Amino acid sequence: MKTKATYNNRITTADEQRLYSHLLACVAVESPDAMIDRFQALFLDGCGYPDRDVVAALDRLLANQEIEDYFRFILNRCCHILINRWQTNTQLQPAIPILVELLETAPNSRVSELARSRSVRRLRQVTEGFRDTEQYLALKRLACIIEARHSALPRNRQAEVVPLGALINRYPYLYEHCLVTEDSDLQHQQYVRNMQVEAQHKFEVDLTHYVTYRVRQRRLHRQGQTDCLGKLRVVHNPTLLNDQELVSSLKQFARRRDHGQSYRDGAQRFLLTHNQGASFREFKEDLFDYIIADVNVGYSQRQFKSMLQDHLLSTFADSDGRPVDDFLRVRTCSNLFNFLVVDPSAGRQHYVFLDLINNLGPLQTTGLLLRILLICQKVRPFLERRFSILFNHYETASSETVAWLVNMFENINIALSLNFGSVDLSHTNSR
């Protein structure tokens, strides 16, 4: 990834503004097909563009010796001028993946204009370099989500084995961290938030419908009315878990459990019994006991217990004598996610996370993280960010190769929906 320039320390030049104003004017009146043709001629082929003033402005930008450092911001903004227009109209949204796919294609083989040959070579060089940027990855993920939204295939039937990145549409909690870059405008940020809300709501509705469908199936079986089963509208499992795994996840993370204490109950008990006037050191000791109580005894007695204790007690140790406050709670819990999931400051190191999944499994590991989240809900963005780092790290890997991570993402989706969403399955008696 390019890191030399940052968006916030740049000033938009007159030539850049000329490009943006021109595209804004065109996209307001032209069809997506016409705009895609314009985009290809201007940014990919480097020849045949009808507006000579716009071409001259682009040539001047390309002549700048530092263009490689910041061209990604220019091209990304040009893409989003088109995308922001199309995304507000459902019928125009399919043009967005076509635009993004265009960035992967080779330029037209037509002979470039001799006078611009140097500029054309430079243009193709920096455009090709755009494919190695965070901005391009975010565009590809956006295109993947839009394609999935317009696909007629059920959520869990889209493909058996695909790159992990192709599953981004399934996990709304990753959207903000995977689709928004430092130069994203406010309109795009709002659009991503809207997509996140819509995708989360759809998943919760699909999950409720599926559980209701299975409950009705069982009821008809118990009543001996098997001849009526064919009259039920089939509802597919909306997750990538098998039916047994889904039932286990629903039982594990339900807000109200038929037997035993729910995660929400345990968190409330911790918050009620923890001494509010306690020192920060006492808070960390209580937190350790709260976390370790949910970990398999055999596993907790091994290295994990001492590692967790050492990590917690060394966290901001210079504040041990202070009364615990909201700031210390948030920092402590977010640091826990660094330890338990992935630490972005340590080169994406996540050996503890892998060890947890190998020994406890995705279900119990999700529960461990949920316990922390329920006592300090302000750290949810920190947890989501940690998972986006893992998603980025394994994005090109086959979903089959990283099945453990897919399983984890699915369980997190269910845990968040049952504990923070609108899903209430108590009326279904599904457990």
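Fair warning: this is a prediction, and the values are worked out from it, not measured in the lab.

### Looking at helix H15 (residues 351–375)
- Here H15 contains 25 residues, and its C-alpha end-to-end distance of 25 Å is more than 12% below the 36 Å for a straight helix at 1.5 Å per residue.
- The largest bend along H15 reaches roughly 115° and is located at Gly361, with the proline Pro362 sitting one to four residues downstream.
- Most of H15 sits out of view: 18 of its 25 residues are buried.

### Brief notes about the packing of aromatic side chains
- Following the criterion strictly, the structure yields 16 aromatic pairs and no others.
- With centroids separated by 4.9 Å and ring planes inclined at 50°, the aromatic side chains of Phe39 and Phe43 adopt a geometry described as tilted. Of this pair, Phe39 and Phe43 both sit in helix H2 (residues 32–45), 4 residues apart, roughly one helical turn. Pair check on accessibility: Phe39 and Phe43 agree, each one buried.
- Measuring from centroid to centroid gives 4.7 Å for Phe270 and Tyr290, while their planes differ by 35°, and the two rings are tilted. Separated by 20 residues along the polypeptide, Phe270 in helix H11 (residues 263–273) and Tyr290 in helix H12 (residues 280–292) bring together distant segments of the chain.
- Accessibility expressed as a relative area gives 8% for Phe270, which makes it buried.
- An aromatic cluster is built from Tyr171, Tyr173, Phe353, Phe387, Phe391, Tyr394, Trp404 and Phe409, whose rings are joined through pairwise contacts.
- When the ring centre of Phe283 is taken as reference, the NZ or CZ atom of Arg329 above it lies at 6.0 Å.
- Note that Arg371 overlies the ring of Tyr290, its terminal NZ or CZ placed 4.0 Å from the centroid.

### Brief notes about unusual backbone geometry
- Even without being a glycine, Phe316 presents a positive backbone phi close to 45°.
- Among the structural elements, Phe316 can be located in the loop between helix H13 (297–314) and helix H14 (326–340).
- Overall, the relative accessible area of 24% leaves Phe316 in the partly exposed class.

### Focus on a positive patch on the surface
- Together, Arg216, Arg218, Arg219, Arg222 and Lys251 make up a region of like positive charge exposed at the surface.
- For the positive patch, the element with the highest residue contribution is helix H9 (residues 186–222), accounting for 4 residues.
- Positionally, Lys251 belongs in helix H10 (residues 243–253).

### A few points about the packing of H12 against H15
- Two numbers describe how H12 lies on H15: the axes approach to 10 Å, and their chain directions differ by 140°. As far as their axial angle goes, H15 and H12 are oblique. In the packing of H12 onto H15, the handedness of the crossing is right-handed. Residue-level contacts link Leu287, Tyr290 and Ile291 of H12 to Leu368, Arg371, Ile372 and Ile375 of H15.
- Looking at the contact of H12 with H15 residue by residue, the classes come out as 6 nonpolar, no polar and 1 charged.

### Things to note about the packing of helix H1 (residues 14–27) against helix H4 (residues 67–86)
- Between H1 and H4, whose axes approach to 10 Å, the crossing angle comes to 15°. Relative to H4, the element H1 is oriented roughly parallel. Relative to H4, the crossing made by H1 is right-handed. From H1, Glu16, Gln17, Leu19, Tyr20, Leu23, Leu24 and Val27 reach across to H4, where they touch Tyr70, Phe73, Ile74, Arg77, Cys78, Ile81, Leu82, Arg85 and Trp86.

Cut-offs applied
Starting from 1, residues in each chain are numbered consecutively following that chain's sequence as written. Thresholds applied to this predicted model are a pLDDT of at least 70 for local features of residues and 80 or more for the giving and counting of side-chain atom pairs; totals over whole chains, interfaces and linings are not thresholded and use all residues. Heavy atoms from the whole structure form the basis of all side-chain values; hydrogens and water molecules are not counted. Under the scheme used here, helices are H or I runs from DSSP no shorter than 4 residues and strands are E runs no shorter than 2 residues, and both carry numbers assigned from the N terminus. For a helix, the expected span equals 1.5 Å multiplied by the number of residues minus one. Bend, at a single residue, is the angle you get between axes fitted to the 7 residues ending at that residue and the 7 residues starting at it. Relative accessibility thresholds used throughout: buried, under 20% of the residue-type maximum; exposed, over 50%; partly exposed, between the two (1.4 Å probe, protein chains only). Note on aromatic contacts: the rings of Phe and Tyr and the six-membered ring of Trp form a pair at centre separations within 6.5 Å, being stacked when their planes are under 30 degrees apart, edge-to-face when over 60 apart, and tilted otherwise. Think of it as a cone above the ring: NZ of Lys or CZ of Arg counts as a charge over the ring if it is within 6 Å of the ring centre and within 35 degrees of the ring normal. Here a patch means residues that are over 30% exposed by relative accessible area and free of salt bridges, tied together within 9 Å if like-charged and within 5 Å if nonpolar (Val, Leu, Ile, Met, Phe, Trp, Tyr). To be clear on the numbers: accessible area is Shrake-Rupley with a 1.4 Å probe, and residue cover counts the displayed protein chains and nothing else. Salt-bridge detection follows one rule: a side-chain nitrogen of Lys or Arg within 4 Å of a carboxyl oxygen of Asp or Glu. Note on charges: Lys and Arg go in the positive column, Asp and Glu in the negative column, and His and the chain ends are not counted at all. Charged groups are reduced to one reference atom each: NZ for lysine, CZ for arginine, CG for aspartic acid, CD for glutamic acid. For helices, the axis comes from a line fit to the C-alpha atoms of the stretch in contact; other axes are also lines fit to C-alpha atoms, and the angle between any two N-to-C directions lies between 0 and 180 degrees. Each angle gets one of four labels, with under 35 degrees taken as roughly parallel, over 145 as roughly antiparallel, 65 to 115 as roughly perpendicular, and the rest as oblique. Less than a right angle of anticlockwise turn of the near helix away from the far helix marks a crossing as left-handed, whereas a clockwise turn marks it as right-handed. Contacts: residue pairs with any heavy atoms within 4.5 Å of one another. Side-chain classes are defined by residue name, with Ala, Val, Leu, Ile, Met, Phe, Trp, Tyr, Cys and Pro counting as nonpolar, Asp, Glu, Lys and Arg as charged, and the others, Gly among them, as polar.

Just distances and angles here, no functional claims.
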